[in-house]
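A structural walkthrough
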Amino acid sequence: MTAEPDFNDRMLSLGLARVSEAAALACADLIGRGDEKAADQAAVNAMREQLNQLAIKGVVVIGEGERDEAPMLFIGEEVGNGDGPGVDIALDPLEGTTLTAKAMPNALTVIAMAPRGSLLHAPDVYMDKLAIGPGYPKDVVSLDMSPRERVEALAAARGCAPSEITVCVLERPRHEAMIAELRGTGAAVYLIPDGDVAGVIHCAEARLTGIDMYMGSGGAPEGVLAASALKCMGGQIWGRLLFRNDDERGRATKAGITDFDRVYNRDEMVTRDVIFAATGVTDGSLVAGIKRRPGYVETETVLMRSKTGSVRRMLYRNPVK
């Protein structure tokens, strides 16, 4: 019996960057055109085509939805050429379809890869999330704390006043009370319209972004992608699934989740080494968006490996024929 090939993250990482770049380039002509579905479909098509060129036996565990909801890159779809290690794939071919359609900042293509069985199979439901960057004691903040308590605890750990803390939050009506409580502490609130994967990653680069903490509810699949990035960059994240009805609980059961109240930390969402790539579609605070230059199109990609903690930024110039 032939042994399973090793997960060679070093060799696979550049291939993953190509996957992310291809998805971004595919929707370049749809930036600002007002067609979310077309932009998303273009990214999906390109990402799938590139994934199938990689020497992996991949399974999509975080994808475009269930098989009956998505024709490609659906949860459970097998990708890769079948000649390589078994891997879990978590992806969002276009995180920020609305941002792309409206030419707003921080649209990204995002993908993570880890050995088979190491990524949480998060169902397509909401997740209550809390994240901070590296350098803090373990569990210095928690989901069981109120927003005020989280700000005060993080400020104490950082040795500063609560007014020096900045919290990133998705701008949604469901967060209005939380935002008011955060501002009541004196903390600044950095509101984003979409794209909470980038929002969480901002915490890991607080010196550049000025953002210390992320909190609020958003998609559970995006929580796993964000945890993948933080496992590479450092930082802590916690997530608890939120259910609105029995159908969503059924999705969780189908994904193998039995404890509906469990709080997952970073290393429970991503249990082994992971590689992560994100390419900018529109300009953002994480990476630059697609630029058209005379004779070529330029993208910027951030590529990370948890095994080494390396973070690589790459510019790719693709000649226009």
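I will try to describe carefully the structure that is included in this document. Owing to the predicted nature of the structure, the values given are computational and were not obtained by experimental measurement.

Bringing the sheet that holds strand β10 (residues 263-265) into the picture now. Strands sit in the order β7-β6-β8-β5-β9-β10 across an open sheet of 6 strands; the sheet is mixed. What marks the edges here is a single partner per strand, and that holds for β7 (188-192) and β10. When the angles between neighbouring strand axes are averaged without regard to direction, this sheet yields 20°. By the bridge criterion, 7 bridges tie strand β5 (residues 126-132) to strand β9 (residues 236-242) in an arrangement that is antiparallel.

Bringing the environment of Leu170 into the picture now. Looking at the secondary structure, you find Leu170 in strand β6 (residues 166-170). Along the primary structure Leu170 and Gly199 are separated by 29 residues, whereas in three dimensions their C-alpha atoms are 8.3 Å apart.

Moving on: the side chain of Ser217. Here Ser217 shows up in strand β8 (residues 213-219). A distance of 2.7 Å separates a polar atom in the side chain of Ser217 from a polar atom in the side chain of Arg174.

Now for the nonpolar core. Of all hydrophobic cores here, the largest spans 49 residues; its most connected members are Tyr214, Ile237, Met269 and Phe276. Of all the elements, helix α8 (residues 220-233) adds the most residues to this core, at 9 residues. Not counting the four nearest positions on each side in its chain, Tyr214 is found in contact with Lys129, Leu130, Ala131, Cys168, Leu170, Ile192, Asp196, Gly199, Val200 and Cys203. In this structure, Val19, Ala24, Ile89 and Ile111 belong to the second largest nonpolar core, which totals 38 residues.

What follows concerns the packing of helix α1 (residues 9-26) against helix α2 (residues 36-51). A packed helix pair is summarised by two numbers, namely the angle formed by the two axes and the spacing between the axes. Taken N-terminus to C-terminus, the directions of α1 and α2 make an angle of 150°; their axes are 7 Å apart at the nearest point. As judged from the angle between their axes, α1 and α2 are roughly antiparallel. By crossing handedness, the relation of α1 to α2 is classed as right-handed. Contacts between α1 and α2 involve Arg18, Val19, Ser20, Ala22, Ala23 and Ala26 from the first element and Ala42, Ala43, Ala46, Met47, Gln50 and Leu51 from the second. The residue inventory of the contact of α1 with α2, partitioned by class, reads 9 nonpolar, 2 polar and 1 charged.

Okay, the packing of aromatic side chains next. Summed over the entire model, instances satisfying the criterion amount to 1 aromatic pair. An angle of 45° between the planes, with centres 4.9 Å apart, marks the rings of Phe243 and Phe260 as tilted. With Phe243 in the loop between β9 and α9 (246-254) and Phe260 in the loop between α9 and β10, this pair connects stretches of sequence that are 17 residues apart. Looking at Phe243, the relative accessible area reads 17%, which means it is buried.

In this fold, Cys232 is placed in helix α8. Judged by its relative accessible area of 4%, Cys232 falls in the buried class. Sequence spacing of Cys232 and Leu120 is 112 residues, and the spatial spacing of their C-alpha atoms is 16 Å. Not counting residues up to four positions away in its chain, the partners in contact with Cys232 are Val274, Phe276, Met304, Arg305, Ser306 and Gly309.

Along its 16 residues, α2 runs 22 Å from first to last C-alpha, staying within 8% of the 22 Å computed at 1.5 Å per residue. Each element contacted by the buried residues of α2 is listed here: α1, β2 (78-79), β3 (86-95), α3 (97-101) and β4 (108-115). Where α2 begins, one side-chain oxygen reaches toward the backbone nitrogen of Lys37, 3.4 Å away; that side chain belongs to Asp35.

Moving on: the side chain of Ser228. Along the polypeptide, Ser228 turns up in helix α8. Once residues within four sequence positions are removed from consideration, Ser228 is found in contact with Ala112, Leu119, Val270, Val274 and Phe276.

Our next topic: unusual backbone geometry. The residue Leu73 is not glycine, and still its phi comes out positive at about 55°. Take Leu73: it is sitting in the loop between β1 (57-62) and β2. Residue Asp139 is not a glycine yet carries a positive backbone phi of 55°. Inspection of the secondary structure puts Asp139 in the loop between β5 and α4 (147-158). Judged by its relative accessible area of 45%, Asp139 is partly exposed.

About the cut-offs
- The numbering scheme is per chain: residues are counted from 1 as the chain's sequence reads.
- For this predicted model, a pLDDT threshold of at least 70 governs which residues receive local features, and a threshold of 80 or more governs which side-chain atom pairs are given and counted, while totals over whole chains, interfaces and linings are taken from all residues.
- Excluded from the side-chain calculation are hydrogens and water; included are all heavy atoms of the structure.
- Strands are treated as partners if at least two bridges between them are detected by DSSP.
- Per the convention used, a helix needs a DSSP run of H or I reaching at least four residues, while a strand needs a run of E reaching at least two, with both numbered from the N terminus.
- Axis lines are fitted to C-alpha atoms, over the contacting stretch for helices. Their N-to-C directions set the angle, which ranges from 0 to 180 degrees.
- N or O atoms closer than or at 3.5 Å make up a polar contact, with two conditions inside protein: a donor-capable atom paired with an acceptor-capable one, and, for residues adjacent in sequence, both atoms drawn from side chains.
- Side-chain atoms within 4.5 Å are what join buried Ala, Val, Leu, Ile, Met, Phe, Trp, Tyr and Cys residues into a set we call a nonpolar core.
- Exposed residues in this analysis have more than 50% of their type's maximum accessible area, buried residues have under 20%, and partly exposed residues fall in between, with area computed by a 1.4 Å probe over protein chains only.
- Contacts are assigned to residue pairs that have any heavy atoms within 4.5 Å of one another.
- Comment on the angle field: the value is read as roughly parallel under 35 degrees, roughly antiparallel over 145, roughly perpendicular from 65 to 115, and oblique elsewhere.
- The hand of a helix crossing depends on one turn: near helix anticlockwise from the far one by less than a right angle means left-handed, and clockwise means right-handed.
- Under the convention adopted here, Pro, Cys and the residues Ala, Val, Leu, Ile, Met, Phe, Trp and Tyr are nonpolar, Asp, Glu, Lys and Arg are charged, and Gly plus all remaining residues are polar.
- What counts as a ring pair is set by centres within 6.5 Å for rings of Phe, Tyr and Trp (its six-membered ring), and what kind of pair is set by the plane angle: stacked under 30 degrees, edge-to-face over 60, tilted for all other angles.
- Multiplying one less than the number of residues by 1.5 Å gives the expected span of a helix.

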